[in-house]
Structure formats: structure tokens, C-alpha cells
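Below are the chains, spelled out letter by letter.
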Amino acid sequence: MRLRLPSGRTLVLALPFLWLGLFFLAPFLIVAKIALSEGALGIPPYAPLLRWTDEGVLTIVLNLGNLATLVSDSFYIEAYLRSLRVAAISGVLCLLIGYPMAYAIARAPEHRRNLLLMLVVLPFWTSFLLRVMAWIGLLADNGVVNNLLLGLGLVSQPVALLYTDFALYAGIVYCYLPFMVLPLYATLSKLDPVLLEAAADLGARPWRAFLTVTLPLSLPGIIAGFMLVFIPAVGEFVIPELLGGPGAQLIGRVLWTEFFQNRDWPMASALAVVLLLLLVLPIAWFQHVQGKGAR
Amino acid sequence: MSRRLGRLGLFLGVGYAFLYIPIALLVVLSFNDSRLITVWSGFSFRWYVALWNNERLIDAALLSLRIAAVAATGATVIGMAAGFALARFGAFRGRGLFGAMVAAPLVMPEVITGLSLLLLFVALAESVGWPAERGVTTVTIAHITFATAYVAVVVQSRLADFDRSLEEAALDLGARPWKVFLLITLPLIAPALASGWLLAFTLSLDDLVIASFTSGPGASTLPMVIFSALRLGLTPELFALATVIIVVVSLGLLVALKLGRVASARVGG
């Protein structure tokens, strides 16, 4: 017997459907539209696509110039490629740090697991910006790490740590680590220990049992965790802006500059459209894994 | 065997050190008397006093708290409906699109969400005259939209692994579906709703990028004020603010953990 809500059902579905349709789906169409329009001086700073000519004929003015600039200007292409690379490396780093942690928590005595998991999540509940700020205090030229190195006499001058790729990766991994550990823990804790015992009984060494049993079975968690880090990191703005050097021109930062400093809304929209196209496949994959996990 | 556990413990130790050393640093430096952030010159509460007198930060914090409370409540209502539909309605027309709309905001880069919502608000203002100006309302709508996804996931996973025999028994005994929902389903998913609300609240409180895009003059949220202050350099006042947030959050989570234990014990966990 199934729970049925004949009249309420439509209502329950309509509320989120309409809300997300209006405020999540429809905006993308507008972004696409504005990406195709010309920049203009004024408020808002773009020209309408549909215009009346002097003879009273309605015409559509499509401007492919922004998209053409994107695919021909090496500055933008490099920003996209750099963003994808930084996000992928960050995802792998999070996996390398997060997997052993998730594994250890899943193997811990049951009454301790909640607390251990809570300790992973706790930093996530405190302000993201202020956690990024902590890394500035750690890595600045007059920061804690440099003071320590100078004090121990290991270096004679402050080492440049802040505004480097090192700071960028440290910041991203630090902020996104919980998103890796949680889905990994979810799959690892559901793993039946009987499988590992069976592998051991059949003569597999622990390391081999891990590679042939645990690792493949935790693959959904690995994929989900990687996507939860990779996809948002591609468009990350705050961390490259505050910790990365002037060379860390990732696409989120470029988009921000186009929008807020250059006030070029059509260009910012074109950047967003291409970014979205790059991420459609990963997002669809994530949703596929997510949907399977929930069922 | 014990050696292997020891190695796992080491991994955990290193991981927790990585997570907590920067936070410990914030707390310690907030009590530093010196204006130079990294030179320790004695214990002092002066930055807490300065924080208390910083009207700009306090106003922004109050504004952010107000937005977060409204946004979290809205997101909980819509997210509960979405999570319920995904967990219970089976295959319905448009499920694929619906599932995608619910899951995509979880990973959507903030710059895309922020820009697209701003452009929607501008287009709406031009065509229907609403919203007349951008500010608290537009930020709240934006926050409801992206936080809904988180609540939906929490509710959906809670509904996916819960025992439906109670609901079925009630239905067999002749209770109407809405009554079953109110008397049985809702109390059972209440912990999920509470954690979904808290999650949405925190996400809203924490958001810089989407708020920067969708806000207008005169409505600067706390992260927006912190960000502009950070661009001018670190100040110990911000460390004090971070410490206050950390203490409040830790206490809140501690209470939630205790309540959660009580709640799950009562349900028969």
C-alpha cells in the first residue's frame, strides 16, 4: 500500500517547481539572452535584442561578438583551462586527505563516529570568509608560519607564501574538505565488513582486499565527493581573490571583474554561459550519482 | 590490527590538525593586545570592545541574521515539499527536470547563480515593475533559492531510509493522508527539518558572492562588509568577530547534538 495524497500532491509539487522554475531555471535563459546582446552605456548596461527600426519594423539584433571574443582571446581560454586544472587538482588533493579520514571515521567505534564526523563538519558551520582570513594570518610575510621559520633560523627572509598557488590550493582544500569527507563516509559506513572478512578468508592481504573490495565499492562516494569539490571550485571567486596571486586569474574572478569593475554585463553573461556549458556534463553526472544514492 | 588502527588514527590527527590550527589561530590572536596581527604583546579584550562599538559590523550582522532567518524558513518549506516529492511521488511527469532543478544548485558555481538571479531581477523590474529596487528582498529570494536544494537533500535522504509501517498502519486505520502527514510523517522528519533549517541559515549567513550580485545600495550583509574590510587588510577586530561566531556555532551544535541524541533515543533509534 502506498501513501497517496491525491489533492495535496499537486500542491506539494507545484510550490518547489514554480519557485525553482522562476528563480533558478528562467534566469539561465536571461543570461543566455544577455550574452547575445551588445553592451551599452546606461542602466541596465546592455542593448535589447528586439528593437524597432526607424521604419517601424521589429528586428532582432544578435551580437555574437562576446562569444567570439571568448573563444579567440587567449586570456579567457587560459582562465577557463586554469580554473579546470586548479579545480581538478584540488579535488584530487581533497580525496587524498579526505579518504583516509573518512575511512578512519567509518572504522572507529560506533559511539565515537558522530562526534568525529561533527568535528569534520564544525569548521564548515563557521564563517567561510573568516576561515579564509585565518590563512592570510598564517601565510602572510609577517604571518605565523614566517615568524616561526625566522624564529627557528630556518630562513633569513620571509618566504613568499601568500598570493601563491600554494596558498590557493591550501585555501580551496581547507574550505572544501568536508564536502569530500561526508559522501565518502556515507558510502564507507554502509560497506558490509563481511565482504572484507570473506576476502581475508580467501587469502587476500589487507592491502589487496582494500584495492579490490573497498575501493571499488566506495566509488559512488568518490565521484560524489569529487564533484562536490570540483564543480563549485571551477567558479570559485573568494579564495583566488584573497589568497591567490595576481596570476590566479580563475574564471570566477574574471567574471566578477567584468561585471563589477568593467560593468560589461553582456561579457560577464557570455563567460557564465560558457562556464555553464563546460559544467553541464559534470553536473549531470553528479545528479545521476546523487539520484542513485538517494534511492 | 592495532597498528593499523594507529595509522588510521594518525591520518585523523593530521586531518583534524589541518582543519583546526587556522581556527585556533583566529581565537588566540583575537586576544592579542597588539594592532600588528602576528606580534603577541599581551592578553586583552580590547578588540571585543572595538567590535561591540563597530556599528557598521553590528548593523550588517543584524541584517544578515534577519535575512538568514527568513531565507532559512522559506527554504525549509519549499525544500521539504521538494524532498517529499522526490522521495515519495515515484515517477511523475517532469521528474527528471525537477530532480535536476533541485540538485543543481548544490554544485552550481556561485558566480553563475548570483549573476543569473541579478539579471532576472533586472528583467522583472523592467517588464513588471517588481522588484522596484534591489536589497533585502532580492537577497532573501536568492538565498531561499539556493538553500532549498540543501534542505531538499536532507529531507529526501531522511524519508528514503525511514520505516513507513507507521504511516501505512494509520492509513489502514482510516486516517486521511494529510492527517497522517501532520501526526506521523512530520514529527518523524522534524530532526531533518531542523538540521535543514540550520544548514540553510548558515549558508545564508555565510554567502558573499550571491548577495553581492543581488543586493543593492544600503543593504550590505555581514560577509559583504567583512570582504571590503579584508581588502584593506586584516584587523584584530575581525579575529574577535570570528571567535564570537565560532563560540556561538560550537555551542549551538553541542546543543543540537544533545537534542538529536535525545530525539533519536525517543524514536527508539
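Here the structure is shown first, and the text comes after it.
Residues numbered from 1 in each chain as written. Chains lettered and ligands numbered in written order. Predicted model: local features only at pLDDT ≥ 70, side-chain atom pairs only at ≥ 80, totals over all residues. Heavy atoms only, no water.

Colleague: I keep staring at the overall build of chain A and nothing clicks. Help me out?
Modeller: The secondary structure content of chain A amounts to 13 helices and two strands. Relative to its 295 residues, chain A shows a buried fraction of 50%. If you take every contact in chain A between residues at least 6 apart in sequence, the share linking residues at least 24 apart comes to 68%. When the accessible surface of chain A is summed, it comes to about 14300 Å², and 67% of that surface belongs to carbon and sulfur atoms. (Helix = DSSP H or I, 4+ residues; strand = E, 2+ residues; numbered from the N terminus. Buried < 20%, exposed > 50% of the residue type's maximum accessible area, 1.4 Å probe, protein only. Contact = heavy atoms within 4.5 Å. Areas by Shrake-Rupley, 256 points an atom, 1.4 Å probe, with all protein chains shown as cover.)

Colleague: I'm lost on the overall build of chain B in this one. Help?
Modeller: Helix and strand counts for chain B stand at eleven helices and zero strands. Secondary structure elements of chain B, listed N to C terminal, follow the sequence α-α-α-α-α-α-α-α-α-α-α. Its C-alpha atoms give chain B principal-axis dimensions of roughly 70 × 65 × 30 Å. Classification of the 269 residues of chain B by burial places 52% in the buried group. Within chain B, residue pairs in contact and separated by at least 24 positions form 69% of the contacts whose partners lie at least 6 positions apart. For chain B, the exposed surface amounts to about 12300 Å²; the carbon and sulfur share of it is 68%. Side chains of chain B carry 19 positive and 14 negative charges; the gap between the two charge centres is 9 Å. (Lys, Arg positive; Asp, Glu negative; His and termini not counted. Charge placed at Lys NZ, Arg CZ, Asp CG, Glu CD.)

Colleague: Explain the packing of helix α5 (residues 128-139) of chain A against helix α6 (residues 144-151) of chain A here, please?
Modeller: Angle between the axes and distance between the axes are the two parameters that describe a pair of packed helices. Residues and elements named next belong to chain A. Look at α5 against α6: their axes get within 4 Å of each other, and the N-to-C directions meet at 20°. Here α5 is positioned roughly parallel relative to α6, judged by the angle of their axes. Mapping the contact onto sequence places G137, L138 and L139 in α5 and V144, V145 and N146 in α6. Among the residues forming the contact of α5 with α6, the class breakdown is four nonpolar, two polar and no charged. (Axes fitted to C-alpha atoms, helices over the stretch in contact; angles between N-to-C directions. Parallel < 35°, antiparallel > 145°, perpendicular 65-115°, else oblique. Nonpolar A, V, L, I, M, F, W, Y, C, P; charged D, E, K, R; others polar.)

Colleague: Explain the pattern of salt bridges to me, please; I cannot follow it from the model alone.
Modeller: Side chains carrying opposite charge are able to pair once their charged atoms draw close together. Residue and element names in this part refer to chain A. For the structure shown, the criterion picks out six salt bridges over all chains. Between R253 and E241 there is a salt bridge; the shortest N-O distance is 3.0 Å. One end of the pair, R253, is in helix α12 (residues 251-261); the other, E241, is in helix α11 (residues 238-242), and twelve residues separate them in sequence. A residue is classified by how much of its surface remains accessible, and R253, at 10% relative accessible area, is buried. (Salt bridge = Lys/Arg side-chain N within 4 Å of Asp/Glu carboxyl O.)

Colleague: How should I be thinking about the nonpolar core in this particular structure?
Modeller: Nonpolar side chains tend toward joint burial in soluble globular proteins. Counting residues in each nonpolar core, the largest one holds 189 residues, and the members touching the most others are I105, M133 and I239 of chain A together with F213, I226, L230 and L241 of chain B. Per-element tally for this core: the top contributor is helix α7 (residues 165-190) of chain A, with 15 residues. Contact partners of L230 of chain B, with chain neighbours within four places excluded, come to L129, M133, I136 and L242 of chain A together with L238 of chain B. (Core = buried A, V, L, I, M, F, W, Y, C linked by side-chain atoms within 4.5 Å.)

Colleague: Explain the packing of helix α1 (residues 8-35) of chain A against helix α3 (residues 55-88) of chain B here, please?
Modeller: Two numbers describe how α1 of chain A lies on α3 of chain B: the axes approach to 8 Å, and their chain directions differ by 115°. Every pair of crossing elements has a handedness; the one defined by α1 of chain A and α3 of chain B is left-handed. In this structure, α1 of chain A contributes V12, L13, L15, P16 and W19 of chain A to the contact, and α3 of chain B contributes V77, I78, A81, A82, F84 and A85 of chain B. A per-class count over the contact of α1 of chain A with α3 of chain B returns eleven nonpolar, no polar and no charged. (Left-handed = near helix turned anticlockwise from the far one by under 90°.)

Colleague: Before we go on, may I ask you to explain the interface of chain A and chain B in this structure?
Modeller: How big an interface is tends to be stated in terms of the accessible area lost upon association of its parts. Contacts between the two partners involve 87 residues from chain A, matched on the other side by 93 residues from chain B. Between chain A and chain B, a total of about 8600 Å² is buried, with carbon and sulfur atoms accounting for 82% of that surface. Run the count over chain A and chain B and you get one salt bridge. Where E241 of chain A meets R231 of chain B, a salt bridge forms, and the shortest distance between an N and an O atom there is 2.6 Å. If you look at where chain A meets chain B, you find eight residue pairs in polar contact (both at pLDDT 80 or more). With 18 residues, the single largest contributor to the side of chain A that touches chain B is α1 of chain A. (Buried area = accessible area lost by both parts, 1.4 Å probe. Polar contact = N/O pair within 3.5 Å; in protein donor to acceptor, adjacent residues only side chain to side chain.)

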